[in-house]
Amino acid sequence: MTGPGRARPPELPEQPQAATLIGSVQRAMRLLETVAVHQYGAPAKQLARETGLALPTAYHLLRTLVHEGYLRRDKGLFFLGDAAERLSSSGAQQKRRSAVADALAYCRESVGAPVYYALYRAGEIEVMCVSDSRETPAVEEWADFRETGHAHAIGQCLLSQLDEEARRDHLSRYPARSLTPYSVRDNHALLRRLSRTPRMEPVVERQEYALGTVCAAIPITVGTTAATMAISLPVHQSEYLLPAALRLQAGIGRHLGALSFSISI
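Source: prediction; values computed, not measured.

Observations concerning the side chain of Thr148
Within the fold, Thr148 resides in the loop between strand E4 (124-131) and helix H5 (153-160). If we skip the residues at most four places from it in the chain, Thr148 touches Ala143, Arg177, Leu179 and Tyr209.

Digging into the packing of helix H1 (residues 23-37) against helix H2 (residues 44-51)
With their axes 10 Å apart at the nearest point, H1 and H2 run at an angle of 115° to one another. Considering how the two elements wind past one another, H1 and H2 form a crossing that is right-handed. Between H1 and H2, the residues in contact are Arg30, Leu31, Thr34 and Val35 and Leu47, Glu50 and Thr51, respectively.

Regarding helix H7 (residues 187-195)
All of the buried residues in H7 are Leu190, Leu191 and Leu194. Viewed along the axis of H7, the buried residues span an arc of 100°, placing them on a single side of the element. Residues of H7 that are buried sit in contact with H5 and helix H6 (164-173). For H7, the N-terminal cap is Asp186; the gap from its side-chain oxygen to the backbone nitrogen of His188 is 3.1 Å.

Observations regarding unusual backbone geometry
Backbone geometry at Ala122 places phi at a positive 50°, although glycine is not the residue there. By the element assignment, Ala122 lies in the loop between strand E3 (115-121) and E4. Accessibility expressed as a relative area gives 79% for Ala122, which makes it exposed. The backbone of Gln207 shows a phi angle near 60°, a positive value even though the residue is not glycine. Along the chain, Gln207 turns up in the loop between strand E5 (203-206) and strand E6 (213-222).

Section: the packing of aromatic side chains
Tallying each qualifying case throughout the model produces two aromatic pairs. Arranged with centres 5.9 Å apart and planes meeting at 40°, the rings of Trp142 and Tyr209 form a pair that is tilted. Residue Trp142 is found in the loop between E4 and H5, and its partner Tyr209 is found in the loop between E5 and E6; the two are separated by 67 residues along the sequence. Tyr209 sits in the buried class, given a relative accessible area of 3%. With centroids separated by 5.1 Å and ring planes inclined at 80°, the aromatic side chains of Phe145 and Tyr209 adopt a geometry described as edge-to-face. Here the residue Phe145 occupies a position in the loop between E4 and H5, and Tyr209 occupies one in the loop between E5 and E6, the gap between them amounting to 64 residues. Neither residue differs from the other here; Phe145 and Tyr209 are each classed as buried.

Points about the confidence of the model for the chain
When pLDDT is averaged across the chain, the result is 85; 82% of the residues are at 70 or more. Taken as a whole, residues 1-20 scores under 50 in pLDDT and shows four contacts with residues more than four places along the chain or in a different chain.

Some words on the packing of H5 against H7
Interaxial distance between H5 and H7 falls to 9 Å at its minimum, and their mutual angle equals 65°. Taken together, the axes of H5 and H7 are roughly perpendicular relative to one another. Here the hand of the crossing between H5 and H7 comes out right-handed. Only Leu190, Arg193 and Leu194 of H7 make contact with H5, whose side of the interface consists of Gln156, Leu159 and Ser160. Its residues assigned to classes, the contact of H5 with H7 shows three nonpolar, two polar and one charged.

Focus: the pairing of strand E2 (residues 77-80)
Here four bridges tie strand E1 (residues 71-74) to E2, and the two strands are oriented antiparallel to one another. Bridge assignment links Asp74 to a residue of E2, and that residue is Leu77. What sits between the antiparallel neighbours E1 and E2 is a turn of two residues, in which Lys75 has the positive phi angle 55°.

What about the nonpolar core?
Nonpolar side chains in soluble globular proteins tend to end up buried together. Tyr120, Val139, Ile154, Leu158, Leu159, Leu190 and Tyr209 are the most contacted members of the largest nonpolar core, which totals 28 residues. Those elements that provide at least two residues to this core are E3, H5, H7, E6 and strand E7 (225-234). Considering each element in turn, this core owes the most residues, five residues, to H5.

Thresholds, definitions, all that
- Residues numbered from 1 in each chain as written.
- Predicted model: local features only at pLDDT ≥ 70, side-chain atom pairs only at ≥ 80, totals over all residues.
- Heavy atoms only, no water.
- Helix = DSSP H or I, 4+ residues; strand = E, 2+ residues; numbered from the N terminus.
- Contact = heavy atoms within 4.5 Å.
- Axes fitted to C-alpha atoms, helices over the stretch in contact; angles between N-to-C directions.
- Left-handed = near helix turned anticlockwise from the far one by under 90°.
- Buried < 20%, exposed > 50% of the residue type's maximum accessible area, 1.4 Å probe, protein only.
- Arc of directions from axis to C-beta.
- Polar contact = N/O pair within 3.5 Å; in protein donor to acceptor, adjacent residues only side chain to side chain.
- Phe/Tyr/Trp six-rings, centres within 6.5 Å; stacked < 30°, edge-to-face > 60°.
- pLDDT = per-residue confidence, 0-100.
- Parallel < 35°, antiparallel > 145°, perpendicular 65-115°, else oblique.
- Nonpolar A, V, L, I, M, F, W, Y, C, P; charged D, E, K, R; others polar.
- Pairing = 2+ DSSP bridges.
- Core = buried A, V, L, I, M, F, W, Y, C linked by side-chain atoms within 4.5 Å.

This is how it looks when you write it as structure tokens:
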């Protein structure tokens, strides 16, 4: 407390935000960004000059980055290392996932139903992305989608795009079995159904995977990979299933670019 006539102690100056930053990290990041610009590598002196760092500081940071795998040195030149490449790959993968999610969200809003995107890759059914909302919830995966392809529209659509040998291979690993009273009961019945499935028309299943739910899947080709987009609705909305699936199919073309990225995810 200050009394009469006593000077108030000066307040400490507010610390600038930059004071909380770690300078060595900033300098290392500048070096990484500068190395990335030089496709054919660059020597330490050039990197120091372009980043405005003292040469001893640049040497110290470059050695550290090489030790940690973010840079590599070859014949006096510095290149991005494996650790930096992994970071770049991870960022690109996240961007691809975001593009797929945005495409599915647009489709969900367009058709008013949850939308699924799946691939058949390396002998497995992979559901890559699901877009739903509180108003349009997705089907609960109560039985593994990979093992029950015979019973849902997603799996039936993907299997319909395979040749006979690939279908039989899949069913040898994941044989058809009844999940509900409406499910296909054995491999032979499923193979007969698949052989009669029109190539580019929606595949519809009604309560074969989950009671109270109907689904439709649209066959699409992403490169040489069998793929599908699908929707589901409560059984009391069955009359809207096929019209919604056809609307989805009509608009798929504008999203194929985003979907094609998913192959490398």
